[in-house]
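Read off the chains here:
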Amino acid sequence: MKIATFNINGIKARLPALTDWLTESAPDVALLQEIKSVDATFPREALEDLGYRVETHGQKGFNGVAILSKLPLEDVTHGLPGDDGDEQARWIEATVIGDTQAVRVCGLYLPNGNPAPGPKYDYKLAWMKRLEARARDLLADEMPALMAGDYNVIPQAEDAAKPESWINDALFLPETRAAFRRVLNLGYTEAFRARTQGGGHYSFWDYQAGAWERNNGIRIDHFLLSPACADLMTECWIESAVRGRDKPSDHVPVWVSLTA
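Undergrad: Now, about the sheet that holds strand E2 (residues 29-33): what can you tell me, with residues and values included?
TA: Pairing within the open sheet is mixed, and its six strands lie in the order E3-E4-E2-E1-E14-E13. The open sheet is flanked by strand E3 (53-57) and strand E13 (233-238), the only strands paired with a single partner. Put simply, the sheet's adjacent strands are angled 15° from each other on average, direction ignored. When strand E1 (residues 2-7) meets strand E14 (residues 254-258), the two strands line up antiparallel, connected through four bridges. Following the sheet pairing, Ala4 is matched in E14 by Trp255. Helix-sheet contacts for helix H1 (residues 11-25) involve E1, E2, strand E4 (65-69) and E14, and the interaxial angle to E2 is about 160°.

And the structure:
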């Protein structure tokens, strides 16, 4: 089971690039973030024509997440539990039925949180508390589970080309990284770091100041795997070459392969 997470940065602006990527790379499941579209106007037909079932949790002009799957999906739910008043579309989950194993797959777009301190950062930290609670519940369910997407978290200094530039940014503040570690410490595996060590590995490059050309990137797109899911993992990698294509997203796909 090949699963990719990809912040597409606007489904309508990036649809040709997305369909090209889906055709060439052929994930079994793709988790999309920042679709920036309401459900009713999401261009599902173009993706269904490629053999994908499409589930969305959209919002006009902002945020929005989706699951595309060539495999059967069950029990699709929308929204991160814990705050019935939260109107931001940042969480979607479903059970993917693989050939040998069902996996609970959660796609997320964690709040950016800037400027910090401030209300946006307070919202980010509160959202991460809800994420931790959902992570606990997923472990209790005992089904292999993963939470993947744009976390807007730089976990360690080696995950930024210029960490000194991020010292006061919400993505790298100590409180942010501590909240991320609390989820990991429940027993989750950060898939990429379980396979690859050291710096120089990024999933986001800004459009400004030649960031891609200079490889001035950060790694903020992550897979967190429950113990039962980590046992199924065979590979995890970043498809960085996608950033060099025509009219790219500022993020690139990150992948895991599971024996499921």
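Undergrad: Could you give an account of the layout of surface pockets, naming the residues involved and the relevant values?
TA: By volume, the largest pocket amounts to about 620 Å³. If you trace the largest pocket, you find 32 residues lining it, with Tyr109, Asn112, Asn114, Asn152 and Leu171 closest to the centre. For the lining of the largest pocket, the secondary structure elements donating two or more residues are helix H3 (119-141), helix H6 (211-214) and strand E11 (217-218).

Undergrad: Describe the environment of Ile3, listing the residues and the values that go with them.
TA: Position of Ile3 relative to the elements: it lies in strand E1. Using a relative accessible area of 0% as the deciding quantity, one classes Ile3 as buried. Not counting residues up to four positions away in its chain, the partners in contact with Ile3 are Val29, Leu31, Val105, Leu146, Phe223, Val254, Trp255, Val256 and Leu258.

Undergrad: Describe the nonpolar core, naming the residues involved and giving the relevant values.
TA: Counting residues in each nonpolar core, the largest one holds 53 residues, and the members touching the most others are Ile3, Trp21, Val103, Leu146, Phe223, Val256 and Leu258. Of all the elements, H1 adds the most residues to this core, at five residues. Once you skip the residues sitting within four places of it in the chain, Phe223 turns out to touch Ile3, Ala4, Thr5, Leu146, Met147, Ala148, Thr189, Glu190, Ala191, Val254, Trp255 and Val256. Cys106, Met147, Val153 and Phe180 belong to the second largest nonpolar core, which has 19 residues in total.

Undergrad: Before we move on, could you go through H3 and cite the residues and values that matter?
TA: The terminal C-alpha atoms of H3 lie 33 Å apart, and with 23 residues this matches the ideal 33 Å at 1.5 Å per residue to within 8%. Immediately beyond the C-terminal end of H3, within one or two residues, lies Glu142, with a positive phi of roughly 70°.

Undergrad: Quick rundown of the pairing of strand E6 (residues 91-97)? Include the residues and the values.
TA: Most of E6 sits out of view: six of its seven residues are buried. As judged from the four bridges shared by strand E5 (residues 73-78) and E6, these two strands associate in the antiparallel manner. Paired with His78 across the two strands is Ile92, which belongs to E6. Connecting the antiparallel pair E6 and strand E7 (residues 102-109) is a turn made up of four residues.

Thresholds applied
Residues numbered from 1 in each chain as written. Predicted model: local features only at pLDDT ≥ 70, side-chain atom pairs only at ≥ 80, totals over all residues. Heavy atoms only, no water. Pairing = 2+ DSSP bridges. Helix = DSSP H or I, 4+ residues; strand = E, 2+ residues; numbered from the N terminus. Axes fitted to C-alpha atoms, helices over the stretch in contact; angles between N-to-C directions. Contact = heavy atoms within 4.5 Å. 1 Å grid on protein atoms, 1.4 Å probe; cavity = no way out; pocket = protein on both sides within 12 Å on 5 of 7 lines; lining within 4 Å. Points joined across faces, edges and corners; volume = space filled by probe spheres on them. Buried < 20%, exposed > 50% of the residue type's maximum accessible area, 1.4 Å probe, protein only. Core = buried A, V, L, I, M, F, W, Y, C linked by side-chain atoms within 4.5 Å. Expected span 1.5 Å × (residues − 1).

The quantities given are spatial measurements derived from coordinates; they are silent on function.
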